[in-house]
Amino acid sequence: MLPLHPILAEPAHFSLIEKLILLALTVASVAAFWSRFGVVLNKILHSKKDADFHIFPLGRRVWDFFWEVLCQAKVIRERPLPGLAHAFVFWGFCAFALVTLNHFAAGLGIPFLDPAGLFGRFYFYLAAAFALACAAGILGLFIRRFLVRPRWLGAKLSYESGFIAFLIFALMATYLAAFFVTDDSLATRVLWWLHTLALLTFLPIIPHTKHLHLVLSPATVFLSRGGFSRIPPLHGDEDFGLVAGTDLTQLVSLQAYSCVECGRCTEHCPANNTGKILNPKEIVLGLRGYLNDLGPASDQPLLGKYNSQEAAFQCTTCGACEFQCPVGIEHLPILVGLRRGAVNTGAWENDHGGKLFLNLERGSNAMGISTSERDKFIQKQSLPWFDGTQEYCLWLGCMGAYDPKGREIVSDLARILRHLNVTFGVLRKEKCTGDPVRRLGNDLLFQQLAEANLETFAQNKVTKVITICPHCVRTIQEDWKEFGTPPAAEHHSEFLARHATALTSVLSEEKIVYHDPCYLGRYRNVYEEPRAVIGLAGQLVEAPRNHERSFCCGAGGGLAFLGEETGDRVSSVRAAELVATGAQTIATACPFCNSMFRDALAAAGDHAPQLLDIAQLTARRLPESQ
Ligand code: SF4
Ligand code: SF4
């Protein structure tokens, strides 16, 4: 018969032999934990210092820690069911910290929580509720890993994960069972020792397995660079990026050891999803393997045995991996760092890449077209020159100045600006922002372009920039900060949404599906503005992957200039997804996406939906004379 108000049963006393056994086992367990954890810690601490790291301001770090670690917000948001199961396990661990301390104290005869006292009874009940949730959570995760087996977790069954799940379940079960026995029974003593053995077995397993993230990931989240895709500056003439172990910084090493191998990054990677060899999880694990085998003092190359150069250059820098990672791993500084290493040491040889670099060294744009073509376009459209008196500098970008469709978008944006009586002008001397070379790792060229443009801005007294290209916005606003103070730059979607009331809306049944560009969404957190603009023109339809989960068009990271892809084309996969929504129109907000889809949709022939930028959707409602 169960007691009406059960309390947690503990053995009334422990013999000297029991205490000595407990002490010996605890020392052995802690020693086994340290034998591996000490090595890992040593490798992290002996990695190169992050020259640009600042602990302040603390507010952002504390918030990230609270939200992402304590609330498990990212874990739950991106994968609700398994995320919640994981959160139950994590919260169970937190609740059990006090219970576990008291458990060992009781074994040594100095318990500080009285199961019959008011606080003790309350706390043990609370922990029991968490234990139930934790047991259910670990059972769910076990079923997912061993029965459902999503491919992102890897083809190989992880028996260590199964054993860990068993230990966690045993911990919870032995704790809960202790509510249904009495203090002086043999069952109580057996349960107490089983609980103790499970704990002491669990501890050394942590650093020897991917469960190391239990200890490291709170620090990884707290210490992360923050922001999104924050590429650290190179320091000094000897810094070429990530070339060898000696280039791995403490943050990179900490992140490499924090990976929990959940595969979320890979699940969302457009390169991996279209048959390329790039696997962001393996990139991180490759660095971990390098650190394990060679350590941070090694001068052996990082690319080769541990990571592949081909994979590093297949990345579109879409940022889906970094956005998804639940333990704060920043993939883009790693991927761009590896590219920097390969480019700056001359190890990367690619005809298309070489041509792009040459185009930008000799001329002003990524396409290698004469600037006189830009001037002709400006004259034909009667775009005014920026003279310092206008409100906006209209930044054309390479696509807006030289690509035929990009030019149409710029012309339509200019019509809208005139319609709204907003003054603007274009620069006589505009060079590529350096976005593709920045992401491809050519820092010297990027610096030259950024400095030249910053000087032009300063000479022309530009304070506000508007552009149709999210890559330009990002590069001007964030990446150029390394070399000066850029003016405020905004994307035309933000401008158009702000002026929505002054733009005519139509009652239209036209279904328009919107493709979130990576550099506008994940990079700039702009999701609703383009949707508001589309809402003025027709009925917004969502693609299956939208907002933060949008699937890349394949152009970013300089890949628009690198020629044919291996596997399926990223743009074709995304275009097919957009076409399948049945929308009459595909709306884009980036000239690169537009250009990628243009080619992909050509295959669909006459049945393809029309492809329009949000500026074009807006301009077509303006009076013809404008
Ligand atoms: S940035 Fe995008 S393409 Fe590159 S590894 Fe991450 S998910 Fe894959
Ligand atoms: S890098 Fe992050 S998202 Fe990718 S497997 Fe590791 S923990 Fe998961």
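Rules behind the numbers
Residues numbered from 1 in each chain as written. Chains lettered and ligands numbered in written order. Predicted model: local features only at pLDDT ≥ 70, side-chain atom pairs only at ≥ 80, totals over all residues. Heavy atoms only, no water. Helix = DSSP H or I, 4+ residues; strand = E, 2+ residues; numbered from the N terminus. Buried < 20%, exposed > 50% of the residue type's maximum accessible area, 1.4 Å probe, protein only. Contact = heavy atoms within 4.5 Å. Areas by Shrake-Rupley, 256 points an atom, 1.4 Å probe, with all protein chains shown as cover. Lys, Arg positive; Asp, Glu negative; His and termini not counted. Charge placed at Lys NZ, Arg CZ, Asp CG, Glu CD. Near = heavy atom within 4 Å. Nonpolar A, V, L, I, M, F, W, Y, C, P; charged D, E, K, R; others polar. Pairing = 2+ DSSP bridges. Axes fitted to C-alpha atoms, helices over the stretch in contact; angles between N-to-C directions. Core = buried A, V, L, I, M, F, W, Y, C linked by side-chain atoms within 4.5 Å. Parallel < 35°, antiparallel > 145°, perpendicular 65-115°, else oblique. Disulfide = S-S within 2.5 Å.

How would you summarise the overall build of the protein chain if you had to cite specific residues and measurements?
Check the secondary structure of the protein chain and you find 27 helices and eight strands. With the principal axes as the frame, the protein chain shows a C-alpha extent of 95 × 60 × 45 Å. For the protein chain, buried positions account for 57% of its 626 residues. For the protein chain, long-range pairs separated by at least 24 residues make up 78% of all intrachain contacts whose partners lie at least 6 apart in sequence. When the accessible surface of the protein chain is totalled, it reaches about 26700 Å², and 62% of it is carbon and sulfur. Charged side chains of the protein chain number 57 positive and 58 negative; the gap between the two group centres comes to 1 Å.

Describe the site of ligand 1, listing the residues and the values that go with them.
What surrounds ligand 1 is a group of 13 residues, the closest being Cys269, Cys315, Cys318, Gly319 and Cys321. Contributions of two or more residues to the shell around ligand 1 are made by helix H14 (320-324) and helix H15 (331-344). Classifying every residue of the shell around ligand 1 by side-chain character gives 10 nonpolar, three polar and no charged.

Which residues make up the site of ligand 2, and what values go with them?
Residues in contact with ligand 2 amount to 13 residues; listed here are only the nearest, Cys259, Cys262, Gly263, Cys265 and Cys325. For the shell around ligand 2, a count of residues per class yields eight nonpolar, two polar and three charged.

An account of the sheet that holds strand E6 (residues 539-542) is needed here, citing residue identities and associated values.
Judged by pairing direction, the sheet is parallel, and its four strands sit side by side in the order E6-E5-E7-E8 without closing on themselves. In this open sheet, the two strands that pair with only one neighbour each are E6 and strand E8 (610-613). Looking at each pair of strands side by side, their axes are set apart by 35° on average, direction ignored. As paired elements, strand E7 (residues 585-588) and E8 share four bridges and run parallel to each other. The partner of Ile586 across the bridge, within E8, is Leu611.

Please give an account of the nonpolar core that cites residues and values.
The tendency in soluble globular proteins is for nonpolar side chains to be buried side by side. Ranked by internal contacts, the top residues of the largest apolar core, which has 127 residues, are Tyr175 and Phe457. Here the element with the most residues in this core is helix H7 (residues 186-208); it accounts for nine residues. Apart from residues no more than four positions distant in its own chain, Phe457 is found in contact with Cys393, Trp395, Leu427, Val462, Val465, Ile476, Trp480 and Pro487. Judged by nonpolar contacts, the second largest core, of 39 residues, contains Leu396, Ala401, Leu413 and Leu420.

Tell me about helix H22 (residues 470-477), and please be specific about residues and values.
Along an α-helix, residues three or four apart share an orientation, since each turn contains 3.6 residues. Burial within H22 is extensive, with eight of its eight residues counted as buried. Taken residue by residue, H22 has Pro470, His471, Cys472, Val473, Arg474, Thr475, Ile476 and Gln477 as its buried positions.

Can you lay out the packing of helix H1 (residues 16-45) against helix H9 (residues 250-258) for me, pointing to particular residues and giving the numbers?
Closest axis-to-axis distance for the H1/H9 pair is 8 Å, and the angle between their directions is 150°. Taken together, the axes of H1 and H9 lie roughly antiparallel to each other. Along its contact with H1, which presents Arg36, Val40, Lys43, Ile44 and Leu45, the element H9 presents Gln250, Ser253, Leu254 and Tyr257. Considering only residue class, the contact of H1 with H9 consists of five nonpolar, two polar and two charged.

Please provide a residue-by-residue account of the state of the cysteines, values included.
Across all of its chains, the model carries zero disulfides by this definition. Summary of cysteine pairing: Cys398 is not part of a disulfide, and the nearest cysteine sulfur, belonging to Cys432, is at 3.9 Å. On the basis of relative accessibility, which here comes to 10%, the residue Cys398 falls in the buried class.

Outline the sheet that holds strand E4 (residues 488-491), listing residues and values.
The strand order across the open sheet built from four strands is E2-E1-E3-E4, with neighbouring strands paired in parallel fashion. Lying at the two open borders of the sheet, with one neighbouring strand each, are strand E2 (424-425) and E4. Here strand E1 (residues 392-395) pairs with strand E3 (residues 464-467) via three bridges, running parallel. Residue Trp395 lies in a different strand from E3, and its bridge partner there is Thr467.

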